[in-house]
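The primary structure of each chain is shown beneath.
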Amino acid sequence: MKWEDNVRKVVPYVAGEQPRKAKMIKLNTNECPYPPAPGVAELVAKLDCGDLRLYPDSHTTPLVNILSEYYGVKPEQIFVGVGSDDVISMAFMTFFNGDRPILFPDVTYSFYEVWAELYRIPYKTCALDEDWHLRPEDYRQPNGGIIFPNPNAPTGVLESLETVEKIIQANRDVVVIVDEAYIDFGGVSALPLLEKYDNLLVVQTFSKSRAMAGLRIGFCIGSEKMIRYLNDVKFSFNSYTMNYPSQVLGVEAVRDDAYFKGITGRIVNTRERVKGRLRELGFTFPDSRANFIFARHKTVPGEQIFQALRENNIYVRHWNKPRISEYLRITIGTDEEMDTLLSFLENYLAAS
Ligand SMILES: *Cc1c(COP(=O)(O)O)cnc(C)c1O
């Protein structure tokens, strides 16, 4: 017997690289190219270091309250975590404790599989159809819970509210988690379905549409009962998950709704323009409703374009995985950044 026999062995999630170079164009982890709301910068300057002496509010009350007002739900229906990764990880631990496999798409956020392995939750993947859509009938088999992003990552494909409801309706005896990390870029949220279904949990994040990936703020909204169970697990794990600066700065971000609508609207406009140009350059892609485009070129291999971009300080995401190895996931940056990318591609593709 060695001590290593008792180790929980896991294959960790691999996040996109985070190079810090002066002149890079970073389109690989779906961050927002614009800064957080101006009120956030003002508050950063005013933060009192003396406040760091104390533990933060373990219930993140100010954030819960402003989110409850913003989304028109009770504070008891909201749970805040350190990024939606933390929220989803807690939700896996809380809700997925059956013997039946949980279900998620074969092409999706790769962290789901990692959490399932970490917590030893049996799981099964369901193949997306050839247009990268979920097949609701796949989610009619016996299961211990369901999770999928809407819009999906890395495809950007949005499912209609009818499809989402069909899946929830067919699975009233398990928890269905809809990961809405990208819903603010033109999608239709499942939040209104909460009135009908107490087994639905909707997860959102400040990392993409609210320009705050660096502060790590995520939250979910569900029935009061579900949120109570989630809090029981969280308070059995670590009471003070979210630090004080993130709590107060997060509130400030929600307050400025005009700014939020402004930056998400700009990203959507840029996305639609970039779609047209990519098509002209010979790329094909599913129609994205997120802040990225999942594109492949008609003739040039994905890996090759990925490397060429990288050598020129333009970072996009590429996976050597079944079904998606020819694709690049390109985050929508500023118009200027996208123009640099597009003119590089134009020259590069003309030469290859
Ligand atoms: C980015 C992302 C998350 C995690 O975001 P956080 O930064 O942890 O809030 C969760 N789900 C999907 C599908 C994502 O793309």
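Note that the coordinates shown come from a computational prediction; the quantities given were computed from them, not determined experimentally.

A. Here's a closer look at the domain arrangement of the protein. Split into domains, the protein comes out as domain 1 (3-35 + 258-351) and domain 2 (38-256). Summarising the inter-unit geometry, the C-alpha centres of domain 1 and domain 2 are found 23 Å apart. Each partner contributes to the roughly 2700 Å² buried at the junction of domain 1 and domain 2, and carbon and sulfur atoms together form 62% of this total. Per-residue buried area on domain 1 facing domain 2 is highest for Tyr13, Phe260 and Arg323; these three make up 27% of the total on that side. The interface formed by domain 1 and domain 2 contains one salt bridge. Asp106 is paired through a salt bridge with Arg323; the nearest N and O atoms lie 2.8 Å apart. At the boundary of domain 1 with domain 2, the tally comes to ten residue pairs in polar contact (both at pLDDT 80 or more). For the side of domain 1 that touches domain 2, the elements supplying multiple residues, two or more each, are helix H8 (257-280), strand E10 (292-297) and strand E12 (327-331). Element by element, the count of residues in the side of domain 1 that touches domain 2 is highest for H8, at nine residues. Considered class by class, the residues forming the side of domain 1 that touches domain 2 number 20 nonpolar, five polar and nine charged.

B. Local environment of the pairing of strand E4 (residues 123-126). In terms of strand pairing, strand E3 (residues 102-105) meets E4 through four bridges, oriented parallel. Bridging across to E4, Pro105 finds its partner in Cys126. Read from E3 through helix H4 (residues 111-118) to E4, the crossover connection turns out right-handed.

C. Quick look at the site of the ligand. Around the ligand, the neighbouring residues are Gly83, Ser84, Asp85, Tyr109, Asp179, Ala181, Tyr182, Thr205, Ser207, Lys208 and Arg216. Thr205 is positioned with one of its side-chain polar atoms (N or O) 2.5 Å from an oxygen atom of the ligand. Within the contact set of the ligand, an oxygen atom lies 2.7 Å away from a side-chain nitrogen or oxygen of Arg216. Compared with its free state, where it exposes 380 Å², the ligand has 93% of that area covered by protein. One can see that the ligand is located within the largest pocket. The leading source of residues in the shell around the ligand is helix H3 (residues 83-95), at three residues. Classifying every residue of the shell around the ligand by side-chain character gives three nonpolar, four polar and four charged.

Thresholds, definitions, all that
Residues numbered from 1 in each chain as written. Predicted model: local features only at pLDDT ≥ 70, side-chain atom pairs only at ≥ 80, totals over all residues. Heavy atoms only, no water. Domains from an automatic or database assignment. Buried area = accessible area lost by both parts, 1.4 Å probe. Salt bridge = Lys/Arg side-chain N within 4 Å of Asp/Glu carboxyl O. Polar contact = N/O pair within 3.5 Å; in protein donor to acceptor, adjacent residues only side chain to side chain. Helix = DSSP H or I, 4+ residues; strand = E, 2+ residues; numbered from the N terminus. Nonpolar A, V, L, I, M, F, W, Y, C, P; charged D, E, K, R; others polar. Pairing = 2+ DSSP bridges. Right-handed = clockwise from strand over helix to strand, strands pointing away. Near = heavy atom within 4 Å. Areas by Shrake-Rupley, 256 points an atom, 1.4 Å probe, with all protein chains shown as cover. 1 Å grid on protein atoms, 1.4 Å probe; cavity = no way out; pocket = protein on both sides within 12 Å on 5 of 7 lines; lining within 4 Å. Sits in = over half its atoms within 2 Å of the grid points.

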